[in-house]
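# Summary of the model geometry
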Amino acid sequence: MLPLLLNKLLSRLRPRRRPPRAPARRRSRPGAAAKPINLALQGGGAHGAFTWGVLDQLLADGRLAIEGLSGSSAGYDLNPLNINPLKDLIERFVDFAAIRDGEREVFISATNVLTGELRVFARAEITAEAVMASACLPLLFRAVEIDGVPYWDGGYSGNPALLPFLDTSGAADVLVVQINPLQRQSAPTSAREIMARAQEISFNAPLLAELRAIELANRLIDEGFSRRGGGASEPRRLRLHRIVMEDMGAAFDARSRLNTDYDFFELLKKLGQRATRRFLDQHFDAIGRRSTLALVAERQAEPV
């Protein structure tokens, strides 16, 4: 994965001309301009209801204007007969033409089954099939074919993808909503616990790799890498922020990702709202000025 990421990273750091783009509509409180931000939403089955709470709280707060979105997976991962009512609901209620013609950047990740590489569907390519491909777990769904290519869940290769934000001309702040815990308080012992933790690590790996790639990109930009010309073609730094779903123990494990009980969704929503309020209280002033996610500091704090 690392060679692929480095190749993509270096290609994105080369200056390129970007077409002008109209700014997204921004919501703000009276007398205060909203700060522009991109959202990168991690997938994780029913745990995506945590992200529901994050989004609700961000919209209710009104101090941030969402200019771009990147996401992967998140949905009900149970389908023994390959009957997918979610696709019918998405086609019925989601206006994909409005998404494609809109002003915000939108990216959805899926994994090419044949090559194992990440496929990022940009705004103009997003369809119901792309959404279903992004959430297609191979042991529960048949691969989703798009233009003759089979795709699985995007969580295996980009959960979510961050590098596309290097190419956009909008907000330079990216808020990652991470619903797979980074750390657990104790080592797993049972077979079920071991499998659950292995899956969490697997689904976090692409995100951590892209975060470190952006960390490298920022350092290269600071050191003057590939600075030729100026204006819209100039590479820019990304400021990174993160909201993480806390380790709640056995109540939130691999099995709970299949829990479709509405009360469970409501609980996750409230947790997302609370985590967002805490993030805004601590870090709102930093948005637009500096990153609040420091991977170097995290690695130095890890136990040896």
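Along each chain, residues carry numbers from 1 onward, in the same order as the chain's sequence is written. With the structure being a predicted model, the display of local features is reserved for residues of pLDDT at least 70 and the display and counting of side-chain atom pairs for 80 or more, all residues being used for whole-chain, interface and lining totals. No hydrogens and no water enter the side-chain calculation; it runs on all heavy atoms of the structure.

Glancing now at unusual backbone geometry. The omega angle of the peptide bond from N159 to P160 is -5°, so this bond is cis rather than trans. A run of H or I in DSSP counts as a helix once it spans at least four residues, and a run of E counts as a strand once it spans at least two, with each numbered from the N terminus. Along the polypeptide, P160 turns up in the loop between β6 (149–153) and β7 (173–178). Within the chain, D147 stands out as a residue other than glycine whose phi angle is a positive 55°. Tracing the chain through its elements places D147 in the loop between β5 (144–146) and β6. Here's how the labels work: a residue is buried when its accessible area is under 20% of the maximum for its type, exposed when over 50%, partly exposed in between, all with a 1.4 Å probe on protein chains only. For D147, a relative accessible area of 77% puts it in the exposed group.

When pLDDT is averaged across the protein, the result is 79; 75% of the residues are at 70 or more. Confidence of the predictor at the level of single residues is captured by pLDDT, which takes values from 0 to 100. Element-level mean pLDDT values for the protein span from 47 in helix α1 (residues 2–13) up to 95 in strand β1 (residues 35–41). Across residues 1–7, where pLDDT falls below 50, the model places nine contacts with residues more than four positions away in sequence or in other chains. Any two residues whose heavy atoms approach within 4.5 Å are treated as being in contact. Predicted confidence for residues 299–304 stays below pLDDT 50, and this span has two contacts to residues more than four positions away or in other chains.

In this analysis an axis means a line fitted to C-alpha atoms, helices contributing only their contacting stretch, and an angle means the value between N-to-C directions, from 0 to 180 degrees. At a minimum axis separation of 6 Å, helix α2 (residues 49–61) and helix α7 (residues 262–283) run at an interaxial angle of 45°. Relative to α7, the element α2 lies oblique. Classified by chirality, the crossing of α7 by α2 is right-handed. In contact with A49, F50, W52, G53, V54, D56, Q57, L58 and D61 of α2, α7 contributes Y262, F265, E266, L268, K269, L271, G272, Q273, A275, T276, R277 and L280. By residue class, the composition of the contact of α2 with α7 is eleven nonpolar, five polar and five charged. Note that the term roughly parallel is reserved for angles under 35 degrees, roughly antiparallel for angles over 145, roughly perpendicular for angles of 65 to 115, and oblique for everything else. Whether a crossing is left-handed or right-handed is set by the direction in which the near helix is turned from the far one by less than a right angle, anticlockwise for left-handed and clockwise for right-handed. Any residue outside Ala, Val, Leu, Ile, Met, Phe, Trp, Tyr, Cys, Pro, Asp, Glu, Lys and Arg is labelled polar, Gly included; the first ten of those are nonpolar and the last four are charged.

A few words on the side chain of Q178. With respect to the element layout, Q178 can be found in strand β7. In this structure Q178 comes out as buried when scored by relative accessible area, which is 0%. Polar contact is defined as a pair of N or O atoms within 3.5 Å, subject to the rule that within protein one atom must be able to donate a hydrogen and the other to accept it, and that residues adjacent in sequence are counted only when both atoms are side-chain atoms. Only 3.4 Å separates the side chain of Q178 from the side chain of R242, close enough to count as a polar contact. If we skip the residues at most four places from it in the chain, Q178 touches Q42, N204, L207, R242, I243, V244 and M245.

Okay, the packing of aromatic side chains next. Note on aromatic pairs: the rings of Phe, Tyr and Trp (six-membered ring only in Trp) are paired at centre separations within 6.5 Å, and the planes decide the class, stacked below 30 degrees, edge-to-face beyond 60, tilted for the rest. Under the criterion given, the structure shown has three aromatic pairs. When the centroid spacing of 6.5 Å and the interplanar angle of 55° are considered together, the rings of W52 and Y262 count as tilted. Within this pair, whereas W52 is found in helix α2, its partner Y262 is found in helix α7, the two being separated by 210 residues in sequence. On the accessibility criterion, W52 (30% relative accessible area) is partly exposed. Criterion for a charge above a ring: Lys NZ or Arg CZ within 6 Å of the ring centre, and within 35 degrees of the ring normal. The ring of F284 has K35 sitting right over it, with the charged end atom 4.2 Å from the ring centre. Sitting over the face of the ring of F284, R63 holds its NZ or CZ atom 4.2 Å from the ring centroid.

Let us now look at the pairing of strand β4 (residues 118–121). We call two strands paired when DSSP finds no fewer than two bridges between them. Taken together, the four bridges between strand β3 (residues 105–112) and β4 define a ladder with antiparallel strand orientation. Its bridge partner lying in β4, T111 is registered against L118. Here β3 hands over to β4 after five residues, with G116 in that stretch at a positive phi of 75°.

Let's shift gears to the nonpolar core. Formed by 24 residues in total, the largest nonpolar core has its most connected members in L39, F50, L58, L64, L175 and I243. Among the elements of the structure, β1, α2, β2 (64–71), β7 and α7 are those that each provide at least two residues to this core. No other element matches α7, which puts seven residues into this core. Contact partners of L175, with chain neighbours within four places excluded, come to I37, N38, L39, A40, L58, H241, R242, I243 and F279. Here, nonpolar core refers to any group of buried Ala, Val, Leu, Ile, Met, Phe, Trp, Tyr and Cys residues whose side-chain atoms link them within 4.5 Å.

The next thing to look at is the pattern of salt bridges. Salt bridge, as used here: a side-chain nitrogen of Lys or Arg that lies within 4 Å of a carboxyl oxygen of Asp or Glu. The final tally for this structure, using the stated rule, is five salt bridges. Residue D56 pairs with K269 through a salt bridge whose shortest N-O separation is 3.4 Å. Taken together, the positions of D56 in helix α2 and K269 in helix α7 put the pair 213 residues apart, joining distant regions of the chain. Classification of K269 by relative accessible area gives buried; the value is 15%. For the salt bridge of D173 with R239, the shortest nitrogen-to-oxygen distance reads 2.8 Å. A residue pair is termed long-range when its members are at least 10 positions apart, and D173 in strand β7 and R239 in strand β8 (residues 239–244) qualify at 66 residues.

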